[in-house]
Amino acid sequence: MIFWIASYPKSGNTWLRSLLSSYYYSEDGIFNQKLLEKIGQFPEKKYFTNFNYNSSIVTDTSKFWISAQDKINADKKLRFFKTHNILGAINESKFTNSKNTIGCIYIVRDPRNVITSLKNHYEIDNEEALKFMLSENKFIYDFYSKNDYSDFQFISSWEKNYKSWIKQNIIPVKLIKYENLFNDTFGVFKNIIEFINKLTINKVEFDPQKARNSIQSSSFDKLKKIEETDGFLESVLSKNESKKIPFFHLGPLNDWRKIYDENYQKKLNLKFNTGLNELKYI
């Protein structure tokens, strides 16, 4: 069955997958980029190659979300998948179901800091990033595959995205905050491992030293150094130049209080008021 690592874009999904892949798919817990391939993305084009869909129609692959997962799960093995998709449906085509999914970790991040990461990743300004996050019809895909929506993911708005996963009773979901993972990495990571092991009936005891190795080798500074030295698999090309946009941008320096003036801070607080209160960010 599938265990989802879900989030809105630029909310810490890659960091969490780095921690999990080094813990579950290495002998010693030491991270390397190849391990990230163990936790792939869904939806993704390669999972729809045997289905008759029209790649030029934005939502067409959604008709085969469940069928593709049935095929993935045919060997009855456990797999982790990253997704930014909402836990919902398009034209009655559900994203997943309890037959294919065993559980999920949903990582949420303060939207006032997500906006700065979106600006960098998509090369857009403040207002474009804010509009991006508020749009309930928002989707993402491989920008460089012209008129090919095979990698379509329906992310909706920041608020709709997290609510779709945590306000449902289809599958068990553990909500974690990026900020808590950052401030108490070992404690939160231990809770995540124990949650996964319980749902998957994995009787192997938590390995504290392996977890520490995963944490140390997956720190922001370590990941940024890897990107600077070897490049990073998930970084994307700039729209205007042939160089890649740095994937690891501000990290701990990403603080909306220091980046935006008082008026814009008030605007963000107003726009995200419901979620900020519900998630106790204010």
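For the structure given in this document, a descriptive report is provided here. (Residues numbered from 1 in each chain as written. Predicted model: local features only at pLDDT ≥ 70, side-chain atom pairs only at ≥ 80, totals over all residues. Heavy atoms only, no water.)

### Let's talk about the overall build of the protein
For the protein, the helix and strand inventory stands at twelve helices and nine strands. Here the C-alpha radius of gyration of the protein, 19 Å, is about what a compact globule of 282 residues would show, namely 19 Å. Dimensions of the protein, computed from the C-alpha atoms along their principal axes, are close to 55 × 50 × 40 Å. Among the 282 residues that make up the protein, the fraction classed as buried is 51%. Put simply, 72% of the contacts in the protein that link residues at least 6 apart link residues at least 24 apart. Roughly 14,200 Å² of accessible area belongs to the protein as shown, and the carbon and sulfur atoms make up 49% of that amount. Measuring between centres, the 42 positive side-chain charges of the protein sit 3 Å from its 33 negative side-chain charges. (Helix = DSSP H or I, 4+ residues; strand = E, 2+ residues; numbered from the N terminus. Rg over C-alpha atoms; globule rule 2.2 N^0.38 Å. Buried < 20%, exposed > 50% of the residue type's maximum accessible area, 1.4 Å probe, protein only. Contact = heavy atoms within 4.5 Å. Areas by Shrake-Rupley, 256 points an atom, 1.4 Å probe, with all protein chains shown as cover. Lys, Arg positive; Asp, Glu negative; His and termini not counted. Charge placed at Lys NZ, Arg CZ, Asp CG, Glu CD.)

### A look at the sheet that holds strand E9 (residues 173-177)
Reading across the sheet, the five strands line up as E2-E3-E1-E6-E9 and stay open at both edges, with parallel pairing between neighbours. Each edge of the sheet is formed by a strand with only one pairing partner; in this case those strands are strand E2 (40-41) and E9. Here five bridges tie strand E6 (residues 101-108) to E9, and the two strands are oriented parallel to one another. Bridging across to E9, Val108 finds its partner in Lys177. Against the sheet, helix H1 (residues 13-24) touches strand E1 (2-7), strand E3 (79-83), E6 and E9, its axis set at about 150 degrees to E1. Helix-sheet contacts for helix H5 (residues 158-166) involve E1, E3, E6 and E9, and the interaxial angle to E6 is about 145 degrees. (Pairing = 2+ DSSP bridges. Axes fitted to C-alpha atoms, helices over the stretch in contact; angles between N-to-C directions.)

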